[in-house]
Every structure is written in C-alpha cells, then in structure tokens.
Amino acid sequence: MTKWKILIVDDIYTNRFLIKELLKPLGCQYWEAENGKEALKLLETEEVDMVFMDLEMPVMNGFETTRCIKEKFPYAQKKLPVIAITAFDPAIFTEELKNTGFDDIITKPYSSDKLKSVVEFFCHE
C-alpha cells in the first residue's frame, strides 16, 4: 500500500533517482518533473502529498514554481508542503525561501534519515 504521493522536481536525473531510492523504504508513490513548468502541469492532474523542489532549474526555477503553487492553485494546493532541495548553503536563500512559501529546506548530501523525517513530519504518518 502506498503511503504518500511525492513529486520530485529536479533537472538532474541522478538527483531525482537518489531521492526515490532513499525514500523507497517508506513505500511512497512518485512523480518526477525536470523543471517547474512540468511540475505545474503535473499538479493540474495529480494530487500529491508533498513536493521536493530544486531551486535552480532551466525553463522555470524552484522559486517561480513554488510561488505559483502557493498563490495560484486551488486551496488544497496552497497547503501542499514544498521542500526546497539544494547543494547551496541555505543561509544564502533564507529570506527568499521564506518569502516564496517553501515549508522547509534539505541540503546535500541527502540522507534517508533527513528525507524520511521531513516526509513524516509534513505528511503526518
């Protein structure tokens, strides 16, 4: 039985693959998008419990995409937890992350414990 539905948005395939592999023990169902535009299109048709959102992507970056999710989607989507994923020091983006509407941030290197704790916190096991 699938516990949670998670959308992973990252332009780098290996990053998406790593997150899926680290969360595999949780039995989640996954969708993937290579950029924000793909993510928004997917969210129009699929209901997910959480989004892991890369910050820097071509076509539409994580800041633009998250702002769109939080401001323009129906009420249910506004409550959708969006977790920033990045290799950069989060202190660089602290104010912008908060203003954009991200619910949390995870930095590389990713670990199964880090990812699992965020999923369980926001998806309320």
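Use the structure listed above.
Now for a quick tour of the structure.

Reading guide: rules and limits
- Residues numbered from 1 in each chain as written.
- Predicted model: local features only at pLDDT ≥ 70, side-chain atom pairs only at ≥ 80, totals over all residues.
- Heavy atoms only, no water.
- Helix = DSSP H or I, 4+ residues; strand = E, 2+ residues; numbered from the N terminus.
- Buried < 20%, exposed > 50% of the residue type's maximum accessible area, 1.4 Å probe, protein only.
- Contact = heavy atoms within 4.5 Å.
- Pairing = 2+ DSSP bridges.
- Axes fitted to C-alpha atoms, helices over the stretch in contact; angles between N-to-C directions.
- Phe/Tyr/Trp six-rings, centres within 6.5 Å; stacked < 30°, edge-to-face > 60°.

With that settled, the discussion passes to unusual backbone geometry. Each neighbour pair has its own omega, and for Lys 108 with Pro 109 the value is 0 degrees, a cis peptide bond. Its location among the elements puts Pro 109 in the loop between β5 (104-107) and α6 (112-123). Despite not being glycine, Val 59 shows a phi value in the positive range, around 70 degrees. Mapped onto the secondary structure, Val 59 falls in the loop between β3 (50-54) and α3 (62-72).

Topologically, Lys 37 is positioned in helix α2 (residues 36-43). On the basis of relative accessible area, Lys 37 is assigned to the exposed category, the value being 56%. Residues Lys 37 and Ala 87, spaced 50 residues apart in sequence, show a C-alpha to C-alpha distance of 21 Å. Residue contacts for Lys 37: discarding those within four places in its chain leaves Val 59 and Met 60.

A few words now on the sheet that holds strand β1 (residues 5-9). Taken in spatial order, the 5 strands of this open sheet run β2-β1-β3-β4-β5, and their pairing is parallel. Sheet topology places β2 (29-33) and β5 at the edges, where each strand pairs with a single neighbour. Ignoring strand direction, the axes of neighbouring strands in this sheet form an average angle of 20 degrees. When β1 meets β3, the two strands line up parallel, connected through 4 bridges. What sits directly across from Leu 7, in β3, is Val 51. Each of β1, β2, β3 and β4 (82-86) is contacted by helix α1 (residues 13-23), which is oriented at about 170 degrees to β2, the strand it contacts most. Relative to the sheet, α6 contacts β1, β3, β4 and β5, its axis offset from that of β3 by approximately 135 degrees.

Turning our attention to the packing of aromatic side chains. Enumeration according to the criterion identifies 3 aromatic pairs in this entry. Ring centres 5.9 Å apart and planes at 85 degrees place the aromatic pair Phe 63 and Phe 102 in the edge-to-face group. One end of the pair, Phe 63, is in helix α3; the other, Phe 102, is in the loop between α5 (94-100) and β5, and 39 residues separate them in sequence. Take Phe 102: its relative accessible area is 10%, and that puts it in the buried class.

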